[in-house]
There are 2 protein chains.
Amino acid sequence: MKNKLEFAKQIVLEAGEYIRQHLDDSLKIMRKTGPTDLVTQMDQQVQKDLVEKITRRYPTDQIFAEEDGLRSPISEGSVWVIDPIDGTNNFVAQKEDFAVMVAYFEEGQGQFGLIYDVMRDQLFYGGGEFPVYRNEVELTPFVDRPLDTLLMTSNVGMLEKNEWGMVDLGMKCLGIRVYGSAGISFSKILSGGILAYFSYLWPWDYAAAAIMGERLGYTVLNLNGDQPNYQTIEPIMMVPKAKLSEIQTYLKKGRN
Amino acid sequence: MKNKLEFAKQIVLEAGEYIRQHLDDSLKIMRKTGPTDLVTQMDQQVQKDLVEKITRRYPTDQIFAEEDGLRSPISEGSVWVIDPIDGTNNFVAQKEDFAVMVAYFEEGQGQFGLIYDVMRDQLFYGGGEFPVYRNEVELTPFVDRPLDTLLMTSNVGMLEKNEWGMVDLGMKCLGIRVYGSAGISFSKILSGGILAYFSYLWPWDYAAAAIMGERLGYTVLNLNGDQPNYQTIEPIMMVPKAKLSEIQTYLKKGRN
């Protein structure tokens, strides 16, 4: 497994290097489900490169990825979960605050995850049997402290409509931030700067963070408090286990 | 004036270096107007150092600053406007996404401004007779493009209550971000990654950005479309002049 993690680190860093080298390329921006759900040729190329490298090295491994409808079930066999560019709108508009994310599962058990904040050159990796690192620094588990000393981050739509009681929860925290990228939000939690994250997410958005977070005292659940299904989009939270019951007292069941 | 700007760059960089060196000091956190309006001994020390250096070098210059009630009127004489740590809650909780900001006025006319994103080591400076730089890179003016290709950033309270029609405006954009620091939000506008920023701000929050933005095609106004008063807290926007009338069609007058 150590070799596989080293291989994963290498291909994720290479993906980031590719993106940085092509940052000034003109982008072919395409809409998927709506006017703010974008994909570019860079998302597609980065995923293609990652999938090719994985299947060349591990020909029997399977893929569950954001683009091109690659949807091998995560519960069976050896499966790589890939989000080639998480935060595509930030990538398009800001050229920063986006991430490459990869997670690896065997028979449904997370073995390791990686989140690469490309423009800050910060690689988060580990989980499963491995400690979690940000580049060369080993990260430390969540230390409990009062809710009103901690920042949370959320999907902006949840705030606008107080879905799941998100505004009520936010009032109990030090403040709310919105970064427009699951990978960036999760990486800030892993670093210890943000308490929790709430959004509507696909498995490729949360898989890597869930595996790494488990080692640092966090849990990834849907907003009803159940395990995510690792199949469809769901309302998802990543929270410290030590804060879960306190946070749940402020969350309302259902959207409103 | 060139010497004065060089002096300002030097003291702002020194302030950032001081903060980085003391990043692991234990913080004395005090509340000002409410549970999320924080100040630390670092804000106070950084302001004290800046004020001392300015008044030693320019003994007749005046100060308008966030802490300690320094409120010389910006409209008269030579006045330095100082925000020692903008984004104090980010500083306390995240140790990133905060800024040191300084602006300089003569008889109410902005001469130059500086925003230092301390942890990214990005110094934005210029305005008045000077081009605007991010470190050694000269920044380019806003280039008009459709609203739905651009991200905006806002105060989270405005989103929660659709104050000023902020949610309606957000629906016309590519997305909304919330960074918890005026300096960080403005620096992203100056870099070209964010269209506009909306929040309740004091003069030390917007003075530097207003002076630099003017050179790059932006304007800082209150949400009624008037010049800020440079005295009290107001609802403030920084927007490209080329987009002002389009943005104003979505803004509602008054809070709701």
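For every chain, the first residue of its written sequence is number 1, and the numbers climb from 1 along that sequence. To read the labels, note that chains go from A and ligands from 1, taken in the order they are written. Per-residue local features are limited, in this predicted model, to residues with pLDDT of at least 70; the limit for side-chain atom pairs, both in listing and counting, is 80 or more; totals at the level of whole chains, interfaces and linings are taken over all residues. As a rule here, side-chain values cover all heavy atoms of the structure and leave hydrogens and water aside.

**Topic: the overall build of chain A**
Secondary structure elements are defined from DSSP: runs of H or I of at least 4 residues count as helices, runs of E of at least 2 residues count as strands, and each element is numbered from the N terminus. Regarding its fold elements, chain A presents 8 helices and 14 strands. The globule rule is 2.2 Å times the number of residues to the power 0.38, and the radius of gyration it is compared with is taken over C-alpha atoms. Over its C-alpha atoms chain A spans a radius of gyration of 17 Å, differing by no more than 12% from the 18 Å that the globule rule assigns to 256 residues. Projected onto its principal axes, the C-alpha positions of chain A cover 50 × 40 × 30 Å. Note on classification: 1.4 Å probe, protein chains only; a residue is buried when its accessible area is under 20% of the maximum for its type, exposed when over 50%, partly exposed between these limits. Looking at chain A as a whole, 58% of its 256 residues are labelled buried. The contact criterion used is simple: two residues touch if any of their non-hydrogen atoms lie within 4.5 Å. Of the contacts made within chain A by residues no fewer than 6 positions apart, 59% connect residues no fewer than 24 positions apart. Working definition of accessibility: Shrake-Rupley area with a 1.4 Å probe, residue cover restricted to the visible protein chains. As displayed, chain A offers around 10,100 Å² of accessible surface, 48% of which is attributable to carbon and sulfur atoms. The charge count includes Lys and Arg as positive and Asp and Glu as negative, but it does not include His or the ends of the chains. Here the site of a charge means atom NZ of a Lys, CZ of an Arg, CG of an Asp or CD of a Glu. A gap of 2 Å separates the mean positions of the 26 positive and 35 negative side-chain charges of chain A.

**A short note on the environment of Glu160(B)**
With respect to the helices and strands, Glu160(B) occurs in helix α4 (residues 156-160). With 154 residues separating them along the chain, Glu160(B) and Glu6(B) place their C-alpha atoms 42 Å apart. When sequence neighbours within four positions are dropped, the list of residues in contact with Glu160(B) reads Leu159(A), Glu160(A), Val167(A) and Ile176(A).

**Things to note about the packing of aromatic side chains**
In summary, the pairing rule links any two rings of Phe, Tyr or Trp, Trp by its six-membered ring, whose centres are within 6.5 Å, and it sorts them by plane angle into stacked for under 30 degrees, edge-to-face for over 60 and tilted for everything else. Applying the stated criterion to the full structure yields 29 aromatic pairs over all chains. Pairing Trp80(B) with Tyr104(B) gives two aromatic rings, centres 4.8 Å apart and planes at 45°, and the pair type is tilted. Separated by 24 residues along the polypeptide, Trp80(B) in strand β4 (residues 78-86) and Tyr104(B) in strand β5 (residues 99-106) bring together distant segments of the chain. Just as Trp80(B) is buried, Tyr104(B) falls in that class too. Grouping aromatic residues by their ring pairs yields a cluster made of Phe7(A), Tyr58(A), Trp80(A), Tyr104(A) and Phe112(A). By definition here, charges over rings are those cases where NZ of Lys or CZ of Arg is within 6 Å of the ring centre and within 35 degrees of the ring normal. Over the ring of Phe64(B) we find Arg71(B), and its NZ or CZ is 5.7 Å from the ring centre.

**Topic: the interface of chain A and chain B**
The partner chain B presents 29 residues to the 29 residues of chain A that form the contact. Note on definitions: buried area is the accessible-area loss of two parts on being combined, 1.4 Å probe, summed for both. Together chain A and chain B conceal approximately 2,400 Å² of surface at their shared face, both sides included; 50% is due to carbon and sulfur atoms. By salt bridge we mean one thing: a side-chain nitrogen of Lys or Arg within 4 Å of a carboxyl oxygen of Asp or Glu. Among the ionic pairs, Glu96(A) bridges to Lys188(B), the shortest N-O distance being 3.0 Å. Identification of polar contacts relies on pairs of N or O atoms within 3.5 Å, with a donor-acceptor requirement for protein atoms, meaning one able to donate a hydrogen and the other able to accept it, and with residues adjacent in sequence counted only if both atoms are side-chain atoms. Taken together, the connections running from chain A to chain B amount to 15 residue pairs in polar contact (both at pLDDT 80 or more). Elements supplying a minimum of two residues to the side of chain A that touches chain B: α3 (88-93), α4 (156-160) and β11 (175-177) of chain A. Charged residues are taken to be Asp, Glu, Lys and Arg, nonpolar residues to be Ala, Val, Leu, Ile, Met, Phe, Trp, Tyr, Cys and Pro, and polar residues to be all remaining types, Gly included. Residue composition of the side of chain A that touches chain B, by class: 13 nonpolar, 8 polar and 8 charged.

**Remarks on the domain arrangement of chain A**
Residue and element names in this part refer to chain A. Taken as a whole, chain A is organised into domain 1 (2-138) and domain 2 (147-248). A separation of 20 Å is found between the C-alpha centroids of domain 1 and domain 2. At the junction of the two partners, domain 1 supplies 37 residues and domain 2 supplies 22 residues. Across the interface of domain 1 and domain 2, roughly 2,100 Å² is buried in total on both sides, 70% from carbon and sulfur atoms. Note: domain ranges come from an automatic or database domain assignment.

**Topic: the packing of helix α1 (residues 2-21) of chain A against helix α2 (residues 41-57) of chain A**
All names here are of chain A. Where α1 contacts α2, the axes come no closer than 10 Å and their chain directions differ by 155°. Considering their axes alone, α1 and α2 lie roughly antiparallel with respect to each other. In this structure, the crossing between α1 and α2 has a hand that is right-handed. Residues Asn3, Phe7, Ile11, Val12, Glu14, Ala15, Tyr18 and Ile19 of α1 touch α2, and the partners they reach there are Met42, Gln45, Val46, Asp49, Leu50, Lys53, Ile54 and Arg57. A class-by-class count of the residues in the contact of α1 with α2 yields 10 nonpolar, 2 polar and 4 charged. In this analysis an axis means a line fitted to C-alpha atoms, helices contributing only their contacting stretch, and an angle means the value between N-to-C directions, from 0 to 180 degrees. An angle below 35 degrees is read as roughly parallel, one above 145 as roughly antiparallel, one from 65 to 115 as roughly perpendicular, and any other as oblique. In this scheme, a crossing is called left-handed if the near helix is turned counterclockwise away from the far one by less than a right angle; it is called right-handed if the turn is clockwise.

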